[in-house]
Amino acid sequence: MKWIRQISAEVEDPAETLGAKAHGLVALHRLELPVPAAFVVTTEACRAFLSEGALPAGLDTELAAAMSSLEAATGRRFGGDRTPLAVSVRSGASVSMPGMMNTILNLGLTTGATQALAAETGDERFARDSRLRFRSGFASALADGGAAGRLGGAVRATRAGRQPRGETIPDDAFRQLELAVETVFSSWEAPRARTYRELHGIPHDLGTAVIVQAMVFGNLDERSGSGVAFSRDPNTGRNVPFGDLLFCHQGEDVVSGRSAARPLHELHSREPAVWAALTDALARLERHYRDACYVEFTFQAGELWLLQVRPCRYGGAAGVGVATDLADEHLISRREALRRVSPHHLEHVRTPLIAASAQTDVLARGVGACPGVATGRVATTTEAAVRMAADGPVVLVRPETSPHDMRGLAAAAGIVTALGGPASHAAVVARAMHKPAVVGVADLEIDAGASVTADGRTIGEGALVTIDGTSGTVALGSPPTTTGTADPRLRRLLSWADDVSGDHTERDEVQRLKAAHAALGRRG
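Residues numbered from 1 in each chain as written. Predicted model: local features only at pLDDT ≥ 70, side-chain atom pairs only at ≥ 80, totals over all residues. Heavy atoms only, no water.

**Observations regarding the overall build of the protein**
A count of helices and strands for the protein gives 20 helices and 25 strands. Its C-alpha atoms give the protein a radius of gyration of 24 Å, within 12% of the compact-globule value 24 Å for 524 residues. Across its three principal directions, the C-alpha atoms of the protein cover 75 × 60 × 50 Å. Counting across all 524 residues of the protein, residues that qualify as buried make up 55%. In the structure as shown, the protein presents an accessible area of about 21,400 Å², 50% of it carried by carbon and sulfur atoms. For the protein, the distance from the average site of its 55 positive side-chain charges to the average site of its 60 negative ones is 2 Å. (Helix = DSSP H or I, 4+ residues; strand = E, 2+ residues; numbered from the N terminus. Rg over C-alpha atoms; globule rule 2.2 N^0.38 Å. Buried < 20%, exposed > 50% of the residue type's maximum accessible area, 1.4 Å probe, protein only. Areas by Shrake-Rupley, 256 points an atom, 1.4 Å probe, with all protein chains shown as cover. Lys, Arg positive; Asp, Glu negative; His and termini not counted. Charge placed at Lys NZ, Arg CZ, Asp CG, Glu CD.)

**Description of the side chain of Asn-235**
Mapped onto the secondary structure, Asn-235 falls in the loop between β8 (225-230) and β9 (242-247). The buried category is assigned to Asn-235, whose relative accessible area is 16%.

**Structural notes on the side chain of Asp-405**
Inspection of the secondary structure puts Asp-405 in the loop between β17 (394-398) and α17 (406-411). If near-sequence neighbours (up to four positions away) are discounted, Asp-405 is found in contact with Thr-382, Arg-398 and Glu-400. (Contact = heavy atoms within 4.5 Å.)

**Details of the environment of Gly-368**
Mapped onto the elements of the fold, Gly-368 is located in strand β15 (residues 367-370). Spatially, the C-alpha atoms of Gly-368 and Ala-427 are 8.9 Å apart, while their sequence positions differ by 59 residues. Those residues in contact with Gly-368 that lie beyond four places of it in its chain are Asn-235, Ala-437, Gly-469, Thr-470 and Gly-472.

**A word on the pattern of salt bridges**
On inspection of all chains with the given rule, the structure shows 29 salt bridges. A salt bridge links Asp-280 to Arg-284, with the shortest nitrogen-to-oxygen separation between them at 3.5 Å. Of this pair, Asp-280 and Arg-284 both sit in helix α12 (residues 272-289), four residues apart, which is roughly one turn of the helix. Between Asp-291 and Arg-340 there is a salt bridge, with the nearest N and O atoms lying 3.8 Å from each other. (Salt bridge = Lys/Arg side-chain N within 4 Å of Asp/Glu carboxyl O.)

**Some points on the packing of helix α13 (residues 316-328) against helix α19 (residues 488-501)**
Interhelical geometry of α13 versus α19 gives an angle of 65 degrees and a closest axis separation of 9 Å. Of the possible angle classes, the one that applies to α13 and α19 is roughly perpendicular. When the axes of α13 and α19 are compared, the crossing they make is left-handed. Contacts between α13 and α19 pair Val-320, Gly-321, Val-322, Thr-324, Asp-325, Ala-327 and Asp-328 from the former with Arg-489, Leu-490, Arg-492, Leu-493 and Trp-496 from the latter. (Axes fitted to C-alpha atoms, helices over the stretch in contact; angles between N-to-C directions. Parallel < 35°, antiparallel > 145°, perpendicular 65-115°, else oblique. Left-handed = near helix turned anticlockwise from the far one by under 90°.)

**Examining helix α20 (residues 509-523)**
If you check α20, its first and last C-alpha atoms are 22 Å apart, about what 15 residues at 1.5 Å a residue would give, namely 21 Å. Restricting attention to buried positions, one finds in α20 the residues Arg-512, Leu-513, Ala-516, Ala-519 and Leu-520. Buried residues of α20, viewed axially, fall in a sector of 120 degrees; they line one side. In α20, the exposed residues that point more than 90 degrees away from the buried face are Gly-521 and Arg-522. At its buried positions, α20 is contacted by α14 (334-340), α15 (343-347) and α19. At the N-terminal end of α20, a side-chain oxygen is found 3.1 Å from the backbone nitrogen of Val-510, two or three residues along, and the residue is Asp-508. (Expected span 1.5 Å × (residues − 1). Arc of directions from axis to C-beta. Polar contact = N/O pair within 3.5 Å; in protein donor to acceptor, adjacent residues only side chain to side chain.)

**So, the pairing of strand β11 (residues 292-300)**
Counting buried residues in β11 gives eight out of nine residues, a clear majority hidden from the surface. Direction of pairing for β8 relative to β11: antiparallel, over a ladder of six bridges. Considered in β11, the bridge of Gly-227 is made with Phe-297. Strand direction decides the pairing type here: β11 and strand β12 (residues 303-312), joined by nine bridges, are antiparallel. Paired with Phe-297 across the bridge in β12 is Leu-306. Hairpin geometry of β11 and β12 is characterised by an intervening segment of two residues between the two adjacent antiparallel strands and by a positive phi of about 50 degrees at Ala-301. (Pairing = 2+ DSSP bridges.)

Right, dumping it as structure tokens:
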């Protein structure tokens, strides 16, 4: 069996084999958009690994051949002491599982390769920073994936900034690659990944692919950076690019929420050529997928590279708005727009809001990341959220969230973070779970297990709060709420529903949509 595919426009394998991420990279190639050279180790190899407890026979030979092809495509040498090639190693299941498995960046930066990178760029700080990121991320991933074993000391030493004693992370690039593939495969069985699959009804036997891709360095200089972009606002569905970015940073800094990201539109003034290339790519991707799209991107020295794409099927009011607008733009038919909107969407189309009132006691304000209102007792750790949720709704309040918080995110009615932006881990997971979320509450301080402080006021864990994921408000107690007015696009969509069903009598919105779905079903 062949375990590896070079990613190109000619690849025909389905997402079940390549994983959704690699399948998206194939689409980017076909659209002739800028994609770093890459290959993918298939989901079949992961299933063999999980079954046998070791990389399948022949994979080492294929890895060597695939890396040689990557070297030829980039004109660089993996782990080399001249023009070195570094790669990212990312998971990619056939269904999206954001942040649930391991990623390793800058792999291949051995001691010699790091020196060569410093000489090539004339920037020793950048080269050392990239190697430190690699060692820290790799050591953590190894320990987290259970593949490290004897490398546990390397994890602790790396995080402390010391040279590990005894066994260390290999300084051989190819051995690093083999270990990285093992580690990403192992992370399929991480508790957080299993929890996510159980919550979303994803089978446990799918396995993940692994994408090995030439690095683009968003941390190179001030004309470099990383970001995530939605072609349309995921909160409202409006046709405006939306997302986060960080200049002179790598992508993990954006999606983790540990750094204060900047709004996507700042790219327009700082790097207009990158902005133009990105918005053009988003438009082309929407025409290809006939849907709103999400991309992860990096730009190095003013040049854009796309690392991931997936279509976004929004829910609630945003889903109604996007479906209607796409029909108006003739990307889909009106009948297709009706098929894309479910009765469940209509249940959430009028977004609850905290009512404007002089009596509302506002504790803090941040950025609304997922619309809706949630009231519950403050829980400052995942463990507390799980425990307290047995007795009633909780609001999980954290500095930022990570995949390790999955159980707490699942247990919580709403989410608040001090750091991060609308594309951070907390925001992405909240939208996937349809839970109200507020992120980037700048003055919020959390004493885990004890209290939360904002604007000079401290409340204890267990205090009752209400959050508004539209306005970004965090209020004490249970203030009055109201319901937002329906988007005009809903009225337009429902008029199409009446035309399809042939029934223009007075009925509620769900009945009108269901009647249209029934008529469409009869017509096939």
